[in-house]
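# Coordinate inspection notes
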Amino acid sequence: QLQLVESGGGLVQPGGSLRVSCAASGFSLDDSTTGWFRQAPGKEREWVSALGGSGGSAKYADSVKGRFTVSRDSAKNTVYLEMNSLKPEDTAVYFCAATKWRARVPEIPRANEYAYWGQGTQVTVST
C-alpha cells in the first residue's frame, strides 16, 4: 500500500524551531513532487511548500519563505520540513502530499493534483 507517514509535530515556543518528517512507502519521493500544506482550526487548507523530484526545485509560500526549508533524504525516502523562527500563526496541522510517480505537474501543483496524503501532524507554537 502506498502511504505517507508524518511525524515530528509538537509544542514549540515562538521563535523556536521544529522539523516534521514525511516518510513514504510503496513509492519513491525522488520521482514525485512532495507538497506541504497546513490547516488551522476554522481556516482553509493553506499551501506551504512544494519540492520537486530529484533535481527539482523547492517553492515556498510567502508566509514561510525564509523561515522554512524543505529537504529530502533519499536513502530514507523521507522529506523534511524544517521550520525556524516559528510564530503563533504557524500553529496548524501540517500535511504532506505526493504526486504520482513522475507525474506531469507544475512546480506548484494544485491540491487535487496530489495523489497521496498523510494524516497530518500537529504543530503548536505558543508560550
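Residues numbered from 1 in each chain as written. Predicted model: local features only at pLDDT ≥ 70, side-chain atom pairs only at ≥ 80, totals over all residues. Heavy atoms only, no water.

Strands belonging to one sheet form pairs held by backbone hydrogen bonds; the direction of such a pair is parallel or antiparallel. Sheet architecture is open: 4 strands sit in the order β1-β3-β8-β7, paired in antiparallel fashion. The open sheet has two edge strands with one neighbour each: β1 (3–7) and β7 (68–73). The mean inter-strand angle of the sheet, taken between neighbouring strand axes irrespective of direction, is 20 degrees. The sheet contact formed by β7 and strand β8 (residues 78–83) spans 6 bridges and is antiparallel. Directly across from Phe-68, in β8, lies its bridge partner Met-83. (Pairing = 2+ DSSP bridges. Helix = DSSP H or I, 4+ residues; strand = E, 2+ residues; numbered from the N terminus. Axes fitted to C-alpha atoms, helices over the stretch in contact; angles between N-to-C directions.)

This paragraph deals with unusual backbone geometry. A positive phi angle, near 50 degrees, is found at Asn-77, a position not held by glycine. Mapped onto the fold, Asn-77 is located in the loop between β7 and β8. Asn-77 sits in the buried class, given a relative accessible area of 16%. One non-glycine residue, Ser-85, adopts positive backbone phi at about 50 degrees. With respect to the helices, strands and loops of the structure, Ser-85 is situated in the loop between β8 and β9 (92–98). (Buried < 20%, exposed > 50% of the residue type's maximum accessible area, 1.4 Å probe, protein only.)

Time to look at the state of the cysteines. Think of a disulfide as a covalent bridge from one cysteine sulfur atom to another cysteine sulfur atom. One pass over the structure, following the stated rule, counts 1 disulfide. The partner cysteine of Cys-22 in its disulfide is Cys-96, sulfur to sulfur 2.1 Å. One disulfide, between Cys-22 and Cys-96, carries an S-S torsion of 70 degrees and so falls in the right-handed class. Taken together, the residues span a long stretch of sequence, with Cys-22 in strand β3 (residues 18–25) and Cys-96 in strand β9 at a distance of 74 residues. Judged by its relative accessible area of 0%, Cys-96 is buried. (Disulfide = S-S within 2.5 Å.)

This brings us to the nonpolar core. Ranked by size, the top nonpolar core spans 32 residues in total, and within it Leu-4, Trp-36, Phe-68, Leu-81, Met-83 and Tyr-94 carry the most contacts. Contributing elements (two or more residues each) for this core: β3, β4 (34–39), β5 (46–51), β7, β8, β9 and β11 (121–125). For this core, the element with the highest residue contribution is β9, accounting for 5 residues. Excluding residues within four positions of it along the chain, Leu-81 makes contact with Leu-18, Arg-19, Val-20, Trp-36, Val-48, Phe-68, Thr-69, Val-70 and Tyr-94. (Core = buried A, V, L, I, M, F, W, Y, C linked by side-chain atoms within 4.5 Å. Contact = heavy atoms within 4.5 Å.)

Relative to the assigned elements, Ser-32 resides in the loop between β3 and β4. Beyond its immediate chain neighbours, meaning those up to four positions away, Ser-32 contacts Phe-27, Leu-51, Gly-52, Gly-53, Arg-72, Ala-98, Thr-99, Lys-100 and Trp-101.

Scanning the entire structure with this criterion turns up 6 salt bridges. Here Asp-90 and Arg-38 are joined by a salt bridge, their closest N and O atoms 2.9 Å apart. Of this pair, Asp-90 sits in the loop between β8 and β9 while Arg-38 sits in strand β4, and the two are 52 residues apart along the sequence. Each member of the pair Asp-90 and Arg-38 is classed as buried. By sharing partners, the salt bridges in this structure join Arg-38, Glu-46, Arg-67 and Asp-90 into a single network. (Salt bridge = Lys/Arg side-chain N within 4 Å of Asp/Glu carboxyl O.)

It is worth spelling out the pairing of β9 at this point. Most of β9 is tucked away, with 6 of its 7 residues classed as buried. One ladder, built from 6 bridges, connects β4 with β9; its direction is antiparallel. Considered in β9, the bridge of Trp-36 is made with Cys-96.

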